[in-house]
Amino acid sequence: MSTSHAPPGSPSHDMSPKSASATSEDRDDDPDAPDLEILRPSAARRTRVPRWLRRTTGPVLLLALWQLLSSTGVLSADVLASPGRIARVAGDLIGDGSLASAMGTSLRRVALGLLLGLLIGGGLALLAGLFRVGEDLVDAPVQMLRTVPFVGLIPLFIIWFGIGETPKVAVITLGVTFPLYRNVYAGIRGVDARLVEAGESLGLTRRGLVRHVVLPAALPGALTGLRYALGVAWLALVFAEQINADAGIGFLMVQARDFLRTDVIVVCLIVYAFLGLLADFIVRSLERLLLQWRPTFTGR
């Protein structure tokens, strides 16, 4: 087996490591030689702005625009109070304890409704997702009830349960149940059949398959359903606290509406938004804790 050598004048001979090094040195010595720029990925050339600064820029600009419109009289106080006025009213409500008391009452209602919704929605989803008989008995009625607006059932709840705490919790429970059911059921039925076959080939019983294969694979869908359910829970709370409430954030809003206090109404809306954001943060933390095994795309 013979090897061929390139002649001295060929390109392969000129591009040997030694000659390439010499060429690089000659380029450095030659002032007329063009400068070479090292190419870097576009992501590496971006200015690294802290993420918290990017996330807060939009709300800060919105508040500044709001204050500017209020100060110049474009936005009158009768239509919408200025951010400064809202901050002072929020301080007064915190100082006299009325806001903390209202938040405590509303949180108890949401917590109880969410707990009942988790038990009902999650239990029905497990029954329909794991058993074909359960699907035949449960899924069709749930899908029918899901299309009925839960707000439209408030008059019936008042007739059935009166005007106390029970109809308020029932509205929240009903609003929470269906998102949880839909996502948990879809998560169970969306488990890859090959994972189930692999578990069976390893000798897992049906209970072992449910515990080690089906439920972990359905957990992402269940947590997504929990996030939707929390959002619906705060929406249901707004309607529920209009049912002859004598405490809670909704009660403060009703009083403010009667006295045309837009500043108090906005404070209550901000509290609703803050509680919803806090609930979403808790669920996101649970996702990071329970779904460490699942690699996901986090953006660029």
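Residues numbered from 1 in each chain as written. Predicted model: local features only at pLDDT ≥ 70, side-chain atom pairs only at ≥ 80, totals over all residues. Heavy atoms only, no water.

Visitor: I keep staring at the side chain of Asp139 and nothing clicks. Help me out?
Guide: Its location among the elements puts Asp139 in helix α7 (residues 132–146). No salt bridge is formed by the buried Asp139; its nearest oppositely charged neighbour, Arg146, is found at 7.7 Å. (Helix = DSSP H or I, 4+ residues; strand = E, 2+ residues; numbered from the N terminus. Buried < 20%, exposed > 50% of the residue type's maximum accessible area, 1.4 Å probe, protein only. Lys, Arg positive; Asp, Glu negative; His and termini not counted. Salt bridge = Lys/Arg side-chain N within 4 Å of Asp/Glu carboxyl O.)

Visitor: Looking at this structure, I do not really get the pattern of salt bridges. What am I missing?
Guide: When the charged atoms of two side chains lie near each other, side chains of opposite charge can form a pair. What the rule picks out here adds up to seven salt bridges. In this structure, Arg109 engages Glu241 in a salt bridge whose closest nitrogen and oxygen atoms are separated by 2.9 Å. Of the two residues, Arg109 sits in helix α6 (residues 98–130) while Glu241 sits in the loop between α11 (206–240) and α12 (249–258), which places them 132 residues apart along the sequence. The exposure classification of Arg109 matches that of Glu241, with both residues buried. In this structure, Asp263 engages Arg261 in a salt bridge whose closest nitrogen and oxygen atoms are separated by 3.1 Å. Classification of Arg261 as partly exposed rests on a relative accessible area of 33%. The network of salt bridges with common partners includes Arg85, Arg261 and Asp263.

Visitor: Where do I start with the packing of α6 against helix α9 (residues 165–189) in this structure?
Guide: Helix-helix packing is characterised by the crossing angle of the two axes and by the distance between the axes. As a packed pair, α6 and α9 sit with axes 6 Å apart at the nearest point and diverge in direction by 35°. When you trace α6 past α9, the crossing you get is right-handed. By residue class, the composition of the contact of α6 with α9 is 19 nonpolar, six polar and four charged. (Axes fitted to C-alpha atoms, helices over the stretch in contact; angles between N-to-C directions. Left-handed = near helix turned anticlockwise from the far one by under 90°. Nonpolar A, V, L, I, M, F, W, Y, C, P; charged D, E, K, R; others polar.)

Visitor: Help me understand the packing of aromatic side chains, please; the structure alone is not making it clear to me.
Guide: Pairs of aromatic rings are described using the distance from one ring centre to the other and the angle between the two planes. In the structure shown here, the tally under the stated rule is four aromatic pairs. With 6.1 Å between their ring centres and 55° between their planes, Phe157 and Trp160 make a pair best called tilted. Residue Phe157 and its partner Trp160 are both found in helix α8 (residues 154–161); the two are separated by three residues, about one turn of the helix. The exposure class assigned to Phe157 is buried, which follows from its relative accessible area of 8%. Taken together, a centroid distance of 6.3 Å and an interplanar angle of 85° make the contact between Trp160 and Phe161 edge-to-face. With a relative accessible area of 40%, Phe161 lands in the partly exposed category. Among the aromatic residues, those joined into a cluster by ring pairs are Phe157, Trp160 and Phe161. (Phe/Tyr/Trp six-rings, centres within 6.5 Å; stacked < 30°, edge-to-face > 60°.)

Visitor: Looking at this model, I keep getting lost on the packing of α6 against α11. Mind explaining?
Guide: With their axes 10 Å apart at the nearest point, α6 and α11 run at an angle of 145° to one another. As for the relative orientation of α6 and α11, their crossing is right-handed in sense. Of the residues in α11, those in contact with Ser106, Leu107, Arg109, Val110, Leu114, Leu118, Leu126 and Leu130 of α6 are Arg206, Val210, Val214, Leu215, Leu226, Leu230, Ala233, Trp234 and Leu237. Of the residues assigned to the contact of α6 with α11, the class counts are 14 nonpolar, one polar and two charged. (Contact = heavy atoms within 4.5 Å.)

Visitor: It is not clear to me how the environment of Gly123 should be interpreted in this structure. Could you clarify?
Guide: Residue placement: Gly123 occurs in helix α6. When the C-alpha atoms of Gly123 and Val184 are compared, they prove to be 9.5 Å apart, with 61 residues separating the residues in sequence.

Visitor: I tried to follow the confidence of the model for the chain on my own but got confused; where do I start?
Guide: The predicted coordinates ought not to be read in detail in places where the model reports low pLDDT. Mean pLDDT for the chain: 77, with 82% of residues reaching 70 or above. Between the elements of the chain, mean pLDDT differs from a low of 46, seen in helix α1 (residues 11–14), to a high of 88, seen in α6. A low-confidence stretch, residues 1–27 (pLDDT under 50), is modelled with 11 contacts involving residues beyond four sequence positions or located in other chains. (pLDDT = per-residue confidence, 0-100.)

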